Amino acid sequence: MIGYDDVGGVHIKYLYHCQRQLWLYLRGIRPEHLNAAVQLGEAVHDTSYTRNTPVDLGAAQLDFLDGNHWVHEVKSSSRPTPADEAQGRHYCHRLHRVGIDAKGAVLHYPKTRRTRKFPYDEQAARQADTDIEAVLTIARTADSPDRLARSACRGCSFTDYCWTE
């Protein structure tokens, strides 16, 4: 069973995007490598900000941490989502747990050449902890959460698991 320190950025992203996707992922169903949108995201990630070194936190890997302790994440989408911010907040939380005083997160959107910066504060720390607990609750749930509306599933690599009759 997954524990508090095993929760990574992908878990948080799926928590915000689709709890059913998170539930499937937690059970080892991982069709992402077959999805064109995921492959595009990986290509954007691999070709953007290539001079920076990823930071491995065990269950989580952030794109890079600058000298002022700001977490940087490169996103393949063109606009910020709550999942993006939650993932950045989670990485700051993980860094604080290992003694690094992360100041906040900077989200980079190369497709639109935009960035979004937000601080990591007490409220963000509480929300990060709440998010981890929500992931753990879903992990303990025996039944799959309900699917989202089909329109929300466009481009999702888990579509076949949710919508094949």
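Because the structure is predicted, anything quoted here is derived from the model rather than measured.

*Asks:* Which parts of the structure should I look at to understand the pattern of salt bridges?
*Replies:* Between side chains of opposite charge, a pair can form when the charged atoms approach closely. For the structure on display, the rule yields five salt bridges. One salt bridge connects Glu85 with Arg116, and the closest N-O pair in it is separated by 3.0 Å. Remark: Arg116 occurs in strand E6 (residues 114–119) and Glu85 occurs in helix H4 (residues 82–97); sequence separation between them is 31 residues. Taking the relative accessible area as the measure of exposure, Glu85 reaches 24% and is therefore partly exposed. The class for Arg116 is partly exposed, based on a relative accessible area of 33%.

*Asks:* What's the story with the environment of Ala139 in this structure? I'm lost.
*Replies:* If you trace the backbone, Ala139 turns up in helix H5 (residues 122–140). Sequence separation between Ala139 and Leu26 is 113 residues, and the spatial gap between their C-alpha atoms is 6.5 Å. Setting aside its immediate chain neighbours within four residues, Ala139 contacts Met1, Ile2, Leu26 and Arg27.

*Asks:* Honestly, the packing of aromatic side chains in this entry has me stumped. Any pointers?
*Replies:* The geometry of an aromatic ring pair is captured by the separation of the ring centres together with the interplanar angle, meaning the angle of the planes. Going through the model one piece at a time under the given rule, you end up with three aromatic pairs. Consider the rings of Tyr14 and Tyr25, whose centres lie 5.2 Å apart with planes at 85 degrees: the pair is edge-to-face. Of this pair, Tyr14 sits in helix H1 (residues 9–17) while Tyr25 sits in helix H2 (residues 19–26); the two residues are 11 residues apart in sequence, bridging distant segments of the chain. Between the aromatic rings of Tyr14 and Phe158, the centroid separation amounts to 5.8 Å while the plane-to-plane angle is 80 degrees, which identifies the pairing as edge-to-face. You can see Tyr14 sitting in helix H1 and its partner Phe158 sitting in the loop between H5 and helix H6 (159–163), a full 144 residues away along the chain. Classification of Tyr14 as buried rests on a relative accessible area of 6%. Among the aromatic residues, those joined into a ring-pair cluster are Tyr14, Tyr25, Phe158 and Tyr161. Directly above the aromatic system of Tyr25 lies the positively charged group of Arg30, at a separation of 3.7 Å from the ring centroid. One Lys or Arg, Lys117, reaches over the ring of Trp70 and ends 4.2 Å from the middle of that ring.

How each quantity is defined
- Residues numbered from 1 in each chain as written.
- Predicted model: local features only at pLDDT ≥ 70, side-chain atom pairs only at ≥ 80, totals over all residues.
- Heavy atoms only, no water.
- Salt bridge = Lys/Arg side-chain N within 4 Å of Asp/Glu carboxyl O.
- Helix = DSSP H or I, 4+ residues; strand = E, 2+ residues; numbered from the N terminus.
- Buried < 20%, exposed > 50% of the residue type's maximum accessible area, 1.4 Å probe, protein only.
- Contact = heavy atoms within 4.5 Å.
- Phe/Tyr/Trp six-rings, centres within 6.5 Å; stacked < 30°, edge-to-face > 60°.
- Lys NZ or Arg CZ within 6 Å of the ring centre and 35° of its normal.

Read these as spatial facts, not as claims about activity.
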